[in-house]
Amino acid sequence: MSHSESDVTLSNTAVLTCSTACLPASSTMLRLLFYVTAVLHVCTRGVAALCQGDQCTLCTVSGHTVITVSDQAYAVEDRCVYSLLKTSSIPNVVVKARFQERRRKDISFLDSVTLSLSNGKISLEQGGRVTVDDTEETIDSTGKSFHSVDVSKNQAGVTAKFTHSNYDMTVFFDGYTAQIHIKGPSGQAPTVEGLCGNSNGDLTGDKLSEEGEEGCDTDHNDDTDDTSDCSGMTARCNLLTQAPFMTCHSNVGHTPYVTACTNTLCHYPAKDGLKCQFLEAYARACSLYSDDAMDSWRTSAACSPQAYCQGQFCSAEEFCGDNSNGDGTRCHCRAIFASPYRTDDTLGDPAVCDGSSRSVSLVGCLLEDKGISYSKLHLYDKTCTANKDAVTHRVTLSFDSSEKPCGTMIRMNSDDELINKNAVLQEGSSHELVDFTCPFVIPDINIDFAVNIKVKSGTSSSSVAYVSNGIWDYVLTMKAYTDAGRTQAVTQDTHLKLNQKVWFELKADGLNNNVALVTHACFATHEESAESTDRYQLITNGCPNTDDKTLHVESNGEGHSNYFSFNMFQFSGKSGDVYLHCQMSLCIKSKEVCVPDCSQNGRRRRSVKSKQKENPPVIILAWGS
């Protein structure tokens, strides 16, 4: 058989190489050998004509269905490690397979393949990642040799080839497709053990319990997928019974592939390349027996020859799948791993408080589920941003409060503990994605003395601003009270405690009854300047920060006075005062809706005088020890 230079190059990196004589001459046919999802193979029936006297063996795993060397099919239901194939014809080599869940907790898929050798191990993982003895290796089409195994990689996947005596074993994996192919002397078919040689479907003896994660065989239930279209997917799987696949039926039995396809797609969303996976698997097996490439099936089935998710590395807690918007792929959280976070509606683990160190760890794929970019996350201090680990994809925000408090506030709880409160926010929003606190007890200090604070407003009990805007000249005042009835005004002699509730009144004098005062925003800083990066938002667009459970807005935009209350706090690590900045606007009640819409569907202020949007009056009140 003659080969062009390109043919020789392809055969060197091909997955199913018994030898050059064992392969179809067509380069198109070779490409079909590379594009399949979730398949492990070894050659049996009709091999003599193609292998020219050599004996070939083939086994297939597609989805969670194993198709053995004798064409028997059964499912792997758990997420454990199994002996996939071993044979006395090639001693000291065991091919192992790990299964993992993806979108559902109750259905597993082939996730990685490992060659366990007498002197080491080679693992073929998601996206084309290769690790040798747990160390990641860089592999390309020229290949490298590890432990007498030749490993090469191209855009389709990774191929590992091992030779012993008169037998050649080739293992291919592309992250979702694996294939094992053994070539040996004619009439000397190897005896195969493991999942590929299992004749009764009893997996107990093939499970490698010492290598599986604890609880990997625990049964998990999941909700019924209402989006699955069993009828439509069965019709798609039955494409394998029609032309052009019919030309291969005499060489490769199609029934196990149809069974694997329907059993998966009737219970699992038709996403992540699954609609093409089983067609690819069968076409790949057929390419061993015929040089008829059956190219037309790709057009009619709308399947691309490009390997799915190749080159995209996900963490152990993730898998690669379709983007929710249908544009490309990304790493998704595995269902069992993500389940407790989703049940608790959290994005990560509780904050870790170690002395003055503070850190919070978020799950990258959970953030992506909500369309949140980690690069847009920050703490109260916007300069304290997030970092993402390149391997685990965990997102971390951490700081040392003794060096940089990152806007942390101090409040006191009922157990005489100071609570250091901070939160993770998304750029451009005041909503706290993650609220975390780090308490510590103050030892040997008079707590009353230590936390006394006073509102500082000059010589009176209020802050005053004089405003002239167009036809309006009015006086703004901000007063603080220690009671809900607003009868006990806070003065410079009033001692307040951290976490003590204080009521505030914003009032405009000198306006007619057709005009309402609207509080547009209130926020606290540790500097007098409103441009401070350490900022705690209380009111935004006329609506309260719902993440601050102590904050209550009683009235806004209804008349000349607005009322709100919150518990007193200080910024951690800051010895100066706290400044409360409030921005107001005027609204003509007869022409506009003045009361902000703070319902769940419309947290915004609907209308204020456009002239006052540009330069809204600001009033400032401060407090400190």
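What you see is a predicted model; the values in this text were computed from it and never measured.

A. Layout of the layout of surface pockets. The volume enclosed by the largest pocket comes to roughly 880 Å³. For the largest pocket, the lining is made up of 34 residues, of which Arg98, Gln100, Asp111, Glu213 and Ala316 are closest to its centre. Among the elements of the structure, β5 (90-101), β6 (108-117), β7 (120-124) and α8 (335-344) are those that each provide at least two residues to the lining of the largest pocket. The biggest single contributor to the lining of the largest pocket is β5, with 5 residues. Size it by volume and the second largest pocket reaches roughly 510 Å³.

B. Seen up close, the pairing of strand β28 (residues 472-481). Counting buried positions along β28 gives 7 out of 10 residues, so the element sits mostly inside the fold. By the bridge criterion, 7 bridges tie β28 to strand β29 (residues 501-509) in an arrangement that is antiparallel. Note on β29: the bridge partner recorded for tyrosine 481 is tryptophan 503.

C. Local environment of the state of the cysteines. Using the criterion set out here, one finds 13 disulfides in the structure. Note on cysteine connectivity: cysteine 59 is disulfide-linked to cysteine 196, with sulfurs 2.2 Å apart. Note on the cysteine 59 and cysteine 196 pair: the S-S dihedral is about -80°, so by sign convention the disulfide is left-handed. With cysteine 59 in strand β1 (residues 55-62) and cysteine 196 in the loop between β15 (192-193) and α4 (230-237), the pair connects residues that are 137 residues apart, well separated along the chain. Overall, the relative accessible area of 0% leaves cysteine 59 in the buried class. One disulfide in the model links cysteine 309 with cysteine 320; its S-S distance is 1.8 Å. For the disulfide bridge between cysteine 309 and cysteine 320, the dihedral angle about the S-S bond is near -75°, and by the sign convention the bridge is left-handed. On the criterion of sequence distance, the pair formed by cysteine 309 in the loop between α7 (296-301) and β16 (318-322) and cysteine 320 in strand β16 is long-range, its members being 11 residues apart. In this pair, the class of cysteine 309 matches that of cysteine 320, namely buried.

D. Region of interest: the pairing of strand β13 (residues 167-173). Among the 7 residues of β13, 7 are classified as buried, and the element is accordingly described as predominantly covered. Judged by which residues are buried, β13 turns out to be covered on both faces: Tyr167, Met169, Val171 and Phe173 on one side and Asp168, Thr170 and Phe172 on the other are all buried. Examined bridge by bridge, strand β12 (residues 157-164) and β13 share 7 bridges and lie antiparallel to one another. For histidine 164, the partnering residue across the bridge sits in β13 and is tyrosine 167. Connecting β12 to the antiparallel partner β13 that follows it, the hairpin turn spans 2 residues, and serine 165 within it adopts a positive phi of roughly 55°. Here β13 pairs with strand β14 (residues 178-184) via 6 bridges, running antiparallel. What sits directly across from methionine 169, in β14, is isoleucine 182. The hairpin turn running from β13 into β14, its antiparallel successor, is 4 residues long, and glycine 175 in that turn takes a positive phi close to 105°.

E. How the structure looks around α4. Of all the positions in α4, only Met233, Arg236 and Cys237 are classed as buried. Projected onto a plane normal to the axis of α4, the buried residues spread over an arc of 100° and lie on a single side. For α4, the elements touching its buried residues are α5 (255-265), α6 (274-286) and α7.

F. Local environment of the environment of threonine 138. Looking at where threonine 138 falls in the secondary structure, it is placed in the loop between β9 (135-137) and β10 (144-146). Separated by 14 residues in sequence, threonine 138 and serine 152 have C-alpha atoms that sit 9.8 Å apart.

G. Layout of the packing of α5 against α6. The N-to-C vectors of α5 and α6 enclose an angle of 170°; their axes lie 10 Å apart at closest approach. Relative to α6, the element α5 is oriented roughly antiparallel. In this structure, α5 contributes Tyr257, Ala260, Cys261, Thr264 and Leu265 to the contact, and α6 contributes Leu274, Lys275, Phe278, Ala281, Tyr282 and Ala285. Its residues placed into classes, the contact of α5 with α6 shows 9 nonpolar, 1 polar and 1 charged.

H. Representation of the sheet that holds β7 within the structure. Spatially, the 7 strands line up as an open sheet ordered β9-β8-β7-β6-β5-β4-β15, and their pairing is antiparallel. Unpaired on one side and paired on the other, β9 and β15 mark the two borders of the sheet. Bridge analysis of β6 against β7 gives 5 bridges, and the strand direction is antiparallel. Within β7, the position partnered with valine 113 by the bridge is leucine 124.

I. Structural context of the sheet that holds strand β22 (residues 394-400). One open sheet accounts for 4 strands, arranged β18-β19-β22-β21; its pairing is antiparallel. Every interior strand has two partners, whereas the edge strands, β18 (352-354) and β21 (387-388), have only one. With 2 bridges joining them, β21 and β22 adopt antiparallel strand pairing. Bridge assignment links asparagine 387 to a residue of β22, and that residue is threonine 396.

Parameters at a glance
- Along each chain, residues carry numbers from 1 onward, in the same order as the chain's sequence is written.
- Per-residue local features are limited, in this predicted model, to residues with pLDDT of at least 70; the limit for side-chain atom pairs, both in listing and counting, is 80 or more; totals at the level of whole chains, interfaces and linings are taken over all residues.
- Excluded from the side-chain calculations are hydrogens and water; all other atoms, namely the structure's heavy atoms, are used.
- Cavity and pocket criteria rest on a 1 Å grid covering protein atoms alone: a 1.4 Å probe that fits but cannot get out defines a cavity, protein on both sides within 12 Å along at least 5 of 7 lines defines an open pocket, and an atom within 4 Å of a point defines a lining residue.
- Grid points are joined across faces, edges and corners, and a volume is the space filled by probe spheres set on the points.
- Each helix corresponds to a stretch of at least 4 residues labelled H or I by DSSP, and each strand to a stretch of at least 2 residues labelled E; elements are numbered beginning at the N terminus.
- Working definition: with a 1.4 Å probe on protein chains only, accessible area under 20% of the residue-type maximum means buried, over 50% means exposed, and in between means partly exposed.
- Think of it this way: DSSP has to see at least two bridges between two strands before they count as a pair.
- The definition used for a disulfide is geometric: two cysteine sulfur atoms within 2.5 Å.
- Each C-beta atom gives one direction from the helix axis, and the arc is the one those directions make.
- By the convention used here, residues are in contact when the closest approach between their heavy atoms is within 4.5 Å.
- Convention adopted: a line fitted to C-alpha atoms gives each axis, helices being fitted over their contacting stretch, and angles between N-to-C directions are expressed from 0 to 180 degrees.
- Oblique is the label for any angle not covered by the other classes, which are roughly parallel (under 35 degrees), roughly antiparallel (over 145) and roughly perpendicular (65 to 115).
- Note on residue classes: Ala, Val, Leu, Ile, Met, Phe, Trp, Tyr, Cys and Pro are nonpolar, Asp, Glu, Lys and Arg are charged, and everything else, Gly too, is polar.

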